[in-house]
Amino acid sequence: MKIIDGRSLAKEIKSELKRETQKFIKQGGKTPHLAAVLVGDDGASQAYVRNKIKSCERVGFESTLIKKKSTIQEDELLEIVDGLNKNEDIDGFIVQLPLPDHIDESKVTLAIDPVKDVDGFHPMNLGRMVIGLPCYIPATPLGMITMMERYNIKTEGKNVVVLGRSNIVGTPISILLSQKTKWGNATVTLCHSRTKDLVSEVQRADIIIAAIGIPRFVTSDMVKEGAVVIDVGINRIDAPDTKKGYKLVGDVDFDEVAAKASYITPVPGGVGQMTVTSLLMNTLKAARGEIYPGG
Ligand code: NAD
């Protein structure tokens, strides 16, 4: 069994990005600039955004953090989005989800200019992705594809079972892996809460991607000997004996499953690290105008 070390891979890719950024600036390009909008004081969201901003500094990007109270009205948030769309110095920006209940998330996502949508959540980017046009691929799926490529994990002809059908993880990764591309050509089954006999679906998988948000849902009896296991889940569970009082675990029972898997991603230190790196990759693309030239 081999552990896919997201932390060291992310570090390696960040060094590459730093070099590419320096080269781009030397050749007359502008310093890539990512902005993040954070609404409310959810602990996990704050940690994610902090990490994104810190990562920008590491690779030589500029970053701007816009923090707003959870009482912000939808109109005010839409005005902020509009301002970022129009601000020529900002290459790409994200609005950290989830948003408070009184704000319509899809309205906010739709308001983001697709040219600056480095999270790849806008239907324009998702639609372009589906038909194979240049686009911003959502960060978590892009992170998983990059991970598999760098670890030389072949997907062609493999049975992939994806657990979870969210718009940001399960659905896009299942589309990407089934496409006729160097990272695709797999036979993909997308399982969700209404799937009948999910266990036998997972049991025949060569590659399992777990993105459902249930701690340690995937157990060793569900995993074929030698399967590749990619754990997207990030779940907080009580751990009274720790300083924070909680710890993070994935959707996979790591200790049990690791013994059977050929490759496995840990939580933390796996896919999450790659998500941030992918956001930076998308931001550099935005600054270079690679996806929507002249946009
Ligand atoms: P979500 O939370 O929006 O939806 C959960 C999905 O799981 C749904 O499609 C649902 O049908 C499915 N599901 C729920 N219960 C199920 C069951 N018993 N059997 C089969 N399917 C079931 O999904 P999300 O936003 O993709 O998040 C999933 C997990 O991934 C969460 O733990 C989240 O924190 C994590 N996540 C991690 C990253 C990262 O960078 N590592 C990024 C995004 C999300």
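All figures in this text were calculated on a predicted structure; none of them were measured in a lab. Once a new chain begins, its residue numbering starts again from 1 and follows that chain's sequence as written. Thresholds applied to this predicted model are a pLDDT of at least 70 for local features of residues and 80 or more for the giving and counting of side-chain atom pairs; totals over whole chains, interfaces and linings are not thresholded and use all residues. By convention in this description, side-chain values take in all heavy atoms of the structure and omit both hydrogens and water.

A look at the environment of Ala-210
In step 1: Tracing the chain through its elements places Ala-210 in strand S7 (residues 207–210).
In step 2: Sequence separation between Ala-210 and Leu-177 is 33 residues; the distance between their C-alpha atoms is 14 Å.
In step 3: Residues in contact with Ala-210, not counting those within four places in the same chain, are Leu-163, Val-218, Ile-230, Asp-231, Val-232, Gly-233, Asp-251 and Val-252. Runs of H or I in DSSP of at least four residues are treated as helices and runs of E of at least two as strands, each being numbered from the N terminus. What makes two residues a contact is simply this: any of their non-hydrogen atoms within 4.5 Å.

What to know about the packing of aromatic side chains
Each pair of aromatic rings is reported with the distance of its centres and the angle of its planes.
In step 1: Each pair of aromatic rings taken from Phe, Tyr and Trp, with Trp reduced to its six-membered ring, is defined by centres within 6.5 Å and is described as stacked if the planes are under 30 degrees apart, edge-to-face if over 60, and tilted in the remaining cases. Taken as a whole and assessed by the stated rule, the structure comprises two aromatic pairs.
In step 2: Relative to Tyr-292, the ring of Tyr-136 has its centre 6.1 Å away and its plane inclined at 45°; by these criteria the two rings are tilted. On the criterion of sequence distance, the pair formed by Tyr-136 in the loop between helix H5 (123–130) and helix H6 (139–150) and Tyr-292 in the segment after helix H10 (271–288) is long-range, its members being 156 residues apart. Grouping residues by exposure puts Tyr-136 and Tyr-292 together as buried.
In step 3: An angle of 80° between the planes, with centres 6.2 Å apart, marks the rings of Tyr-151 and Tyr-263 as edge-to-face. Here the residue Tyr-151 occupies a position in the loop between H6 and strand S5 (159–163), and Tyr-263 occupies one in strand S11 (residues 263–264), the gap between them amounting to 112 residues. In this structure, Tyr-151 and Tyr-263 share a single accessibility class: buried. A simple rule labels every residue: compare its accessible area, found with a 1.4 Å probe on the protein chains alone, to the largest value its type can have, and call it buried under 20%, exposed over 50%, or partly exposed in between.

Some remarks on the packing of helix H1 (residues 6–26) against H10
In step 1: Simply put, an axis is a line fit to the C-alpha atoms, just over the touching stretch for a helix, and the angle between two N-to-C directions goes from 0 to 180 degrees. Taken N-terminus to C-terminus, the directions of H1 and H10 make an angle of 15°; their axes are 9 Å apart at the nearest point. With respect to H10, the element H1 is oriented roughly parallel. The handedness of the crossing between H1 and H10 comes out as left-handed. Across from Gly-6, Arg-7, Leu-9, Ala-10, Ile-13, Lys-14, Leu-17, Glu-20, Thr-21 and Phe-24 in H1, the residues of H10 making contact are Gln-273, Met-274, Thr-277, Leu-280, Met-281, Leu-284, Ala-287 and Arg-288.
In step 2: Classification convention: Asp, Glu, Lys, Arg as charged; Ala, Val, Leu, Ile, Met, Phe, Trp, Tyr, Cys, Pro as nonpolar; all other residues, Gly among them, as polar. For the contact of H1 with H10, the residue count by class is 10 nonpolar, four polar and four charged. An angle counts as roughly parallel when it lies under 35 degrees, as roughly antiparallel when it exceeds 145, as roughly perpendicular when it falls between 65 and 115, and as oblique in every other case. By definition, any crossing whose near helix is turned counterclockwise from its far helix by less than a right angle is left-handed, and any crossing with a clockwise turn is right-handed.

Comments concerning the site of the ligand
In step 1: When at least one non-hydrogen atom of a residue lies within 4 Å of a molecule or strand, that residue is treated as near it. Close to the ligand lie 21 residues, the nearest being Arg-165, Ser-166, Val-232, Ile-234 and Thr-275.
In step 2: Whenever two N or O atoms come within 3.5 Å, that pair is a polar contact, provided that in protein one can donate a hydrogen and the other can accept it, and provided that, for residues adjacent in sequence, both atoms are side-chain atoms. One of the side-chain nitrogen or oxygen atoms of Ser-166 is found 2.7 Å away from an oxygen atom of the ligand.
In step 3: Ser-193 is positioned with one of its backbone polar atoms (N or O) 3.3 Å from an oxygen atom of the ligand.
In step 4: With residues, only the protein chains shown are counted as cover, and all accessible areas are computed by Shrake-Rupley using a 1.4 Å probe. Considered on its own, the ligand offers 860 Å² of accessible surface; in the complex 72% of this is hidden by protein.
In step 5: The biggest single contributor to the shell around the ligand is H10, with three residues.

From the geometry alone we can't say anything about function, so treat these as descriptive.
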